[in-house]
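Spelled out from the first residue to the last, the chains are:
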Amino acid sequence: MQKHQEKKYDCRKCDRSFISLHHLNQHVRASHPEIKLTSVKRGTASTPEGNSKRVRREGGALNTFTSTFFQPTENSKKDFLLFFDEITPQLSEKIEEEIREKGAVKWYGVVKAVFKRESEDEGEERVSPYFRSNVQIELVGDTIGDHVPVSFSNILEAVDEFIRRGSGWILDKIVHFELCVAKYQPLRASSYIILPKKLLDKKAVLNIQNEDQKCLVWCLIAHKLNILAH
């Protein structure tokens, strides 16, 4: 028989308690918009001292992608909120560093964790799911302070959904938080993209390389000249 462990999530602002992260986050956003989600605690835990280990991995010949790992400390490896409190300064600093190196960037976070529960044969099941935040875009560093808590909230909601869907799962430990950052290069007017060879060989697509913002005009002219040539 599977055992369900009741979890208690407390709000520091008004000391109300909730049975899920999802309901706690809803309460904080509705009743205490002036505080960050990472200011909410579970139980009586407090932010520990010490830094999480960081490992950096570069990606791409032009260094357009970077992956950085943040490991929890002994005190925070079993508490998402405590872990997020712990890494927030380092995470924000890292994103600022990426903006200085790359200019505008887009980023998202991925948490790997281990959950366990009792199986029907009196044994123990373990799974290692990943929880991903939405993509955030930073044109300058002014919005990092708003985007980091939003990303944490995305992950907490995904964790809560996982627990609701899979009966009896209990967090065993947090493995790491992976920060994935890429250079943000939105398509703009006057941008030119070389056609893939497969499309080029078909000779069915007009792809005019012009230096102004009149792409459609040049395509129509090229099409007209092509007709006249025949």
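Each value, and the rule that gives it
- Residues numbered from 1 in each chain as written.
- Predicted model: local features only at pLDDT ≥ 70, side-chain atom pairs only at ≥ 80, totals over all residues.
- Heavy atoms only, no water.
- Helix = DSSP H or I, 4+ residues; strand = E, 2+ residues; numbered from the N terminus.
- Buried < 20%, exposed > 50% of the residue type's maximum accessible area, 1.4 Å probe, protein only.
- Contact = heavy atoms within 4.5 Å.
- Areas by Shrake-Rupley, 256 points an atom, 1.4 Å probe, with all protein chains shown as cover.
- Core = buried A, V, L, I, M, F, W, Y, C linked by side-chain atoms within 4.5 Å.
- Domains from an automatic or database assignment.
- Patch = residues over 30% accessible without salt bridge, like charges linked within 9 Å, V, L, I, M, F, W, Y side chains within 5 Å.
- Salt bridge = Lys/Arg side-chain N within 4 Å of Asp/Glu carboxyl O.
- Lys, Arg positive; Asp, Glu negative; His and termini not counted.
- Charge placed at Lys NZ, Arg CZ, Asp CG, Glu CD.
- pLDDT = per-residue confidence, 0-100.

As annotated in an unreviewed UniProt entry, the protein chain carries the name C2H2-type domain-containing protein and comes from Araneus ventricosus.

Enquirer: Before we move on, could you go through the overall build of the protein chain and cite the residues and values that matter?
Expert: Secondary structure summary: the protein chain contains five helices and 10 strands in total. With 230 residues in all, the protein chain has 38% of them scored as buried. For the protein chain, long-range pairs separated by at least 24 residues make up 64% of all intrachain contacts whose partners lie at least 6 apart in sequence. Just so you have it, the protein chain exposes about 14200 Å², and 52% of that area is on carbon and sulfur atoms.

Enquirer: Requested: an account of the nonpolar core, with residues and values cited.
Expert: By size, the foremost hydrophobic cluster in this structure holds 32 residues, and its most contacted members are Phe80, Phe84, Leu91, Ile95, Phe115, Phe177 and Leu179. Counting only elements with at least two residues in this core, the list comes to helix H1 (21-31), helix H2 (80-102), strand S6 (105-118), helix H3 (144-165) and strand S10 (170-183). A total of eight residues in this core trace back to one element, the largest contributor, which is H2. Of the residues that make up this core, three or more belong to each of domain 1 (7-37) and domain 2 (54-183).

Enquirer: Summarise a nonpolar patch on the surface; cite the residues concerned and give the values.
Expert: Residues Val135, Ile137, Leu139 and Val140 make up a contiguous nonpolar surface patch of about 340 Å² in total accessible area. Counting through the fold element by element, Ile137 comes out in strand S9 (residues 136-138). Owing to a relative accessible area of 35%, Ile137 belongs among the partly exposed residues under this scheme.

Enquirer: Hey, could you go over a negative patch on the surface for me, with residue numbers and the actual values?
Expert: A cluster of acidic residues, Glu118, Glu120, Asp121 and Glu122, forms a negative patch on the protein surface. Among the structural elements, Glu118 can be located in strand S6.

Enquirer: An account of the pattern of salt bridges is requested, with residue identities and associated values reported.
Expert: Considering all chains together, one arrives at 13 salt bridges under this definition. Here Arg117 makes a salt bridge to Glu125, at a shortest N to O gap of 3.3 Å. Look at Arg117 and you get buried, because its relative accessible area is 19%. Among the residues examined, Glu125 registers a relative accessible area of 30% and is labelled partly exposed. For Arg126, the salt bridge is made with Glu124, and the minimal N-O distance between the two is 3.2 Å. Relative accessible area serves as the criterion here: at 47%, Arg126 is assigned to the partly exposed category. Accessibility expressed as a relative area gives 48% for Glu124, which makes it partly exposed. Through salt bridges with shared partners, a single network forms among Lys78, Lys116, Glu124, Arg126 and Asp172.

Enquirer: How would you summarise the confidence of the model for the protein chain if you had to cite specific residues and measurements?
Expert: In the predicted model, the protein chain carries a mean pLDDT of 78, and 76% of its residues have values of at least 70. Within the protein chain, the lowest mean pLDDT, 36, falls on strand S3 (residues 41-42), and the highest, 96, falls on strand S8 (residues 130-132). Within the model, pLDDT remains below 50 along residues 1-7, and this stretch shows 16 contacts once partners closer than five positions in the same chain are excluded. Segment residues 37-51 is flagged for pLDDT under 50; beyond a separation of four residues in sequence, or across chains, it makes 45 contacts in the model.

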